[in-house]
Amino acid sequence: MAKVLIENDIIFSRVAEVGRCLLIPQNCEGWIISSNIIRVRVDEEKIYPLFCLYLLKYSPFILRQIRRVTATGGRLLVNTKTLRELKFPVLPLKNQIGIAETIKAMELRIEEIQQHISKINVLLSSVRENLLFGSGVTRSLDEKCSMKSTPLKTTSSTC
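About the thresholds
Every residue gets a number counted from 1 within its own chain, in the order that chain's sequence is written. The model is predicted, so local features are restricted to residues of pLDDT at least 70 and side-chain atom pairs to those at 80 or more, both for listing and for counting; the totals for chains, interfaces and linings are taken over all residues. Hydrogens and water are ignored here; the side-chain numbers use all heavy atoms of the structure. Only DSSP runs of H or I reaching four residues or more are called helices, and only runs of E reaching two or more are called strands; each is numbered from the N terminus. Note on classification: 1.4 Å probe, protein chains only; a residue is buried when its accessible area is under 20% of the maximum for its type, exposed when over 50%, partly exposed between these limits. Throughout, a contact is declared for two residues whenever any of their heavy atoms are within 4.5 Å. When DSSP finds two or more bridges between a pair of strands, those strands are recorded as paired. Each axis is a line fitted through C-alpha atoms, taken for helices only over the stretch in contact, and angles between the N-to-C directions span 0 to 180 degrees.

K.L.:
Explain the overall build of the protein to me, please; I cannot follow it from the model alone.
P.N.:
Along the backbone of the protein there are five helices and five strands. Taken from N to C terminus, the helices and strands of the protein fall in the order β-β-β-α-α-β-β-α-α-α. Residues classed as buried in the protein amount to 24% of the 159 residues present. Restricting the contact set of the protein to residue pairs at least 6 apart, pairs at least 24 apart contribute 64%.

In structure tokens form, the structure reads like this:
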């Protein structure tokens, strides 16, 4: 029987990278998953789906349980029965939402910062190239004097 996804389902890799999981956004509703993936659908009156996702991805308590129940024959393999046996910390829904939304906001901020760093690295690379090899230092030196190999003086120190 095909498993059709709805918003806030969590998909969980049951083989290979066991534990890799993702929260399904609204625009992916109706997608069908393969047999290598387990669909987790939580009771949203008891557990906030994003909080559950973060527990599955990052909680050492949950990850230890997953490793313990899946380490058979050298190959990790999860099924729905083993997932149902996991013990989850129970917090009031309001606290789950607060924790999950705080983590989400921090992850989004980190992503923004990483995008800025990438842009700055591209700019820095361009500036280096322009200053060192374009109209900058090396070109000016090339035009003003003949380039000769000059050994650099080095010193060594011991601690």
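K.L.:
Is there a simple way to think about the environment of Leu83 in this case?
P.N.:
Looking at where Leu83 falls in the secondary structure, it is placed in helix H3 (residues 80–84). With near-sequence residues (within four places) excluded, Leu83 lies in contact with Phe12, Ile38, Val40 and Val78.

K.L.:
What am I meant to see in the sheet that holds strand E1 (residues 10–13) here?
P.N.:
In a beta sheet, neighbouring strands are held together by backbone hydrogen bonds and run either parallel or antiparallel to one another. Strands sit in the order E2-E1-E3 across an open sheet of three strands; the sheet is antiparallel. Either end of the sheet is taken by a strand with one partner, and the two such strands are strand E2 (21–23) and strand E3 (37–40). Across the sheet, the mean angle separating the axes of adjacent strands is 20° when strand polarity is ignored. Across four bridges, the pairing between E1 and E3 is antiparallel. In the sheet register, Ile10 faces E3, and the bridge partner there is Val40. Sheet contacts for helix H1 (residues 49–58): E1 and E2; angle to E2, the most-contacted strand, approximately 165°.

K.L.:
How do you make sense of unusual backbone geometry when you look at a structure like this?
P.N.:
Here Asn8, not a glycine, exhibits a phi torsion of approximately 75°, which is positive. Assignment of secondary structure puts Asn8 in the segment before E1. On the basis of relative accessibility, which here comes to 23%, the residue Asn8 falls in the partly exposed class.

K.L.:
So what exactly am I meant to see when it comes to H1 here?
P.N.:
The periodicity of an α-helix, 3.6 residues per turn, causes residues three or four places apart in sequence to face the same way. Across the ten residues that make up H1, a large majority, eight, are buried. Residues Pro49, Leu50, Phe51, Cys52, Leu53, Tyr54, Leu55 and Leu56 constitute the buried set of H1.

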